Every structure is written in C-alpha cells, then in structure tokens.
Amino acid sequence: MSKKDRIRNICNLLLGMLFISTTILGYYKDVSYMSEYCFISGIIVGLILISSYVCNKNKICFPEWIYANCVVTTIVIFIATIIVKLNLDGAFWFIHIINPILLFLYWGIFCDHTKIKNQLLIATNLIYPICYIIFAQAIFSMTKKCPFPAKLILVGNSWYIIAYYIIGICFVFLLLGYGLHFSNKFIRKNLKK
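A. Summary view of the environment of Asn9. The residue Asn9 is located in helix α1 (residues 3-27) in this model. A relative accessible area of 3% means that Asn9 is categorised as buried. Measuring from C-alpha to C-alpha, the distance between Asn9 and Ser52 comes to 7.6 Å, with 43 residues separating the pair along the chain. When residues no more than four places from it in sequence are discounted, the contact partners of Asn9 are Met1, Ser52, Tyr53, Asn56 and Lys57. Reaching out from Asn9, the side chain makes a polar contact with the backbone oxygen of Tyr53 at a distance of 3.4 Å.

In structure tokens form, the structure reads like this:
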C-alpha cells in the first residue's frame, strides 16, 4: 500500500467515525427524528467509509463511484442548508456544513474518476433518494408522521405533483453526480499532462 493509499485509508476511518459520531450527537435526544434524510445519510456514509477502511486493510478497494454517491448525498444536504437554512445548532454544524465539505475535499483529493469506465455507474446515485422516498412513504403510511424533508413532497400533494418532485430530485442528483464526475475526470486528465 502506497503512502497516499495509507493516508486515504486513515481518512476513511476518521471521516467515517466523524460522520457517525456527529450524526448520533445531533439526533440522540429525540429518536423520532432518526428517520430524517440527514440522519440516515450521515450513518450510511459513515458506515461506507469505515467499511472502506476495513476492506482496504484486506486489500479490497471500493470503486470510486461509491464515494461519488456519498459526496452527492451530502452535497444535497449542504445545498439545502444554504437554501432553506437548516438547523445549525450544536452537532448540526457538522451534519449540515462541515461533514459535506470535508467529504467533498476527501473526494477531490483521493478519488480519480478516470478509473470509472462505465459512465452509467454515476447514475447509481439515484438509488439513495428513491429508496429514501419509499422508506419515508412507508413510515408515513404506518405512523401518519412523515420524516423531513420527504414531508415537503409526500404530504398534501396530489400524485402527479409528487411525481414531478421525485423527477426533479432525480434530475438534481444526476446533474450533481455527472457534473462532479466530468469535472473530476477533466481535472485529473489535465493534472496528468
């Protein structure tokens, strides 16, 4: 393992622990909010990064598109924080601002999208928001409480408005995913010259 790979692997572990610990710190006081997008994405991204650390120790590397999916998932939180002024009390500074920025920097430094041969893999970043909407709808159907931000989409809207929102969300995820992908490829190719 090269020095850069060892540094990357340590960053995987530290970032994974940061994501999980700050997410738990932000949400532990009221478990009813643990179905929110920010909580679930923070835990999932943290687990992916820690899993990457463990797998890299066993000489198994995660593909670059998995990290890209994590970046898009958290950048959406960062953008939403700026646009709708999400909570920034205590650990939420990390959840909504610092963690997405740190992950973006990690991705920019360590991830090389020239290694991604199948461009369609970037579209896998749609899996998380679609699964989250399905999960939120299931929670809403069972409890009549809809987690944030899904309640902005699912509550009080007709099926076609909901469909438009979901299509719009998918478009944003694809736009961010492919925008970051092609930017990374362009920068990496020009750095190698």
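B. Examining the nonpolar core more closely. If you look at the biggest cluster of nonpolar residues, it comprises 39 residues, and the most contacted ones within it are Tyr37, Leu49, Leu103, Tyr106, Tyr132 and Leu154. Of all elements in the fold, only α1, α2 (37-57), α3 (64-84), α4 (92-110), α5 (127-143), α6 (150-154) and α7 (159-192) reach the threshold of two or more residues within this core. The dominant element in this core, judged by the number of residues it contributes, is α3, at eight residues. Here Tyr106 is in contact with Arg8, Cys11, Asn12, Leu15, Tyr67 and Cys111, once residues within four sequence places are set aside.

C. Representation of the packing of α3 against α4. Contact geometry of α3 with α4 gives a least axis separation of 8 Å together with a crossing angle of 145°. The element α3 and its partner α4 pack so that their crossing is left-handed. In this structure, α3 contributes Glu64, Tyr67, Ala68, Cys70, Val71, Thr74, Ile75, Ile77, Phe78 and Thr81 to the contact, and α4 contributes Ile95, His96, Ile97, Pro100, Ile101, Leu103, Phe104, Tyr106, Trp107 and Phe110. Looking at the contact of α3 with α4 residue by residue, the classes come out as 16 nonpolar, three polar and one charged.

D. Broad picture of the environment of Gly26. Within the secondary structure layout, Gly26 lies in helix α1. Spatially, the C-alpha atoms of Gly26 and Gln137 are 24 Å apart, while their sequence positions differ by 111 residues. For Gly26, the residues in contact, after removing those within four places along its chain, are Ala91, Phe92 and Ile95.

E. Just the pattern of salt bridges, in detail. Going through the model one piece at a time under the given rule, you end up with two salt bridges. Residue Glu64 pairs with Arg8 through a salt bridge whose shortest N-O separation is 3.3 Å. With a gap of 56 residues between them, Glu64 in helix α3 and Arg8 in helix α1 connect regions that are remote in the sequence. You can call Arg8 buried: its relative accessible area is 10%. The residue Glu64 makes a salt bridge to Lys115 at a minimum N-O spacing of 4.0 Å. Remark: Lys115 occurs in the loop between α4 and α5 and Glu64 occurs in helix α3; sequence separation between them is 51 residues. Judged by relative accessible area, Glu64 falls into the buried class, the value being 7%. On the basis of relative accessibility, which here comes to 54%, the residue Lys115 falls in the exposed class. Taken together, the shared-partner salt bridges in this structure form one network comprising Arg8, Glu64 and Lys115.

F. The arrangement of a nonpolar patch on the surface in detail. Taken together, the side chains of Trp93, Phe94, Ile98, Ile101, Leu102, Phe104, Leu105 and Ile109 present a nonpolar region at the surface, about 670 Å² in accessible area. Assignment of secondary structure puts Ile109 in helix α4.

G. Layout of the side chain of Glu36. Following the sequence through the fold, Glu36 ends up in the loop between α1 and α2. Despite its burial, Glu36 remains without a salt bridge, the nearest opposite charge being carried by Lys151 at 6.7 Å. With residues near it in sequence (within four places) discarded, Glu36 still touches Tyr27, Tyr132, Pro147 and Phe148.

Cut-offs applied
Residues numbered from 1 in each chain as written. Predicted model: local features only at pLDDT ≥ 70, side-chain atom pairs only at ≥ 80, totals over all residues. Heavy atoms only, no water. Helix = DSSP H or I, 4+ residues; strand = E, 2+ residues; numbered from the N terminus. Buried < 20%, exposed > 50% of the residue type's maximum accessible area, 1.4 Å probe, protein only. Contact = heavy atoms within 4.5 Å. Polar contact = N/O pair within 3.5 Å; in protein donor to acceptor, adjacent residues only side chain to side chain. Core = buried A, V, L, I, M, F, W, Y, C linked by side-chain atoms within 4.5 Å. Axes fitted to C-alpha atoms, helices over the stretch in contact; angles between N-to-C directions. Left-handed = near helix turned anticlockwise from the far one by under 90°. Nonpolar A, V, L, I, M, F, W, Y, C, P; charged D, E, K, R; others polar. Salt bridge = Lys/Arg side-chain N within 4 Å of Asp/Glu carboxyl O. Patch = residues over 30% accessible without salt bridge, like charges linked within 9 Å, V, L, I, M, F, W, Y side chains within 5 Å. Areas by Shrake-Rupley, 256 points an atom, 1.4 Å probe, with all protein chains shown as cover. Lys, Arg positive; Asp, Glu negative; His and termini not counted.

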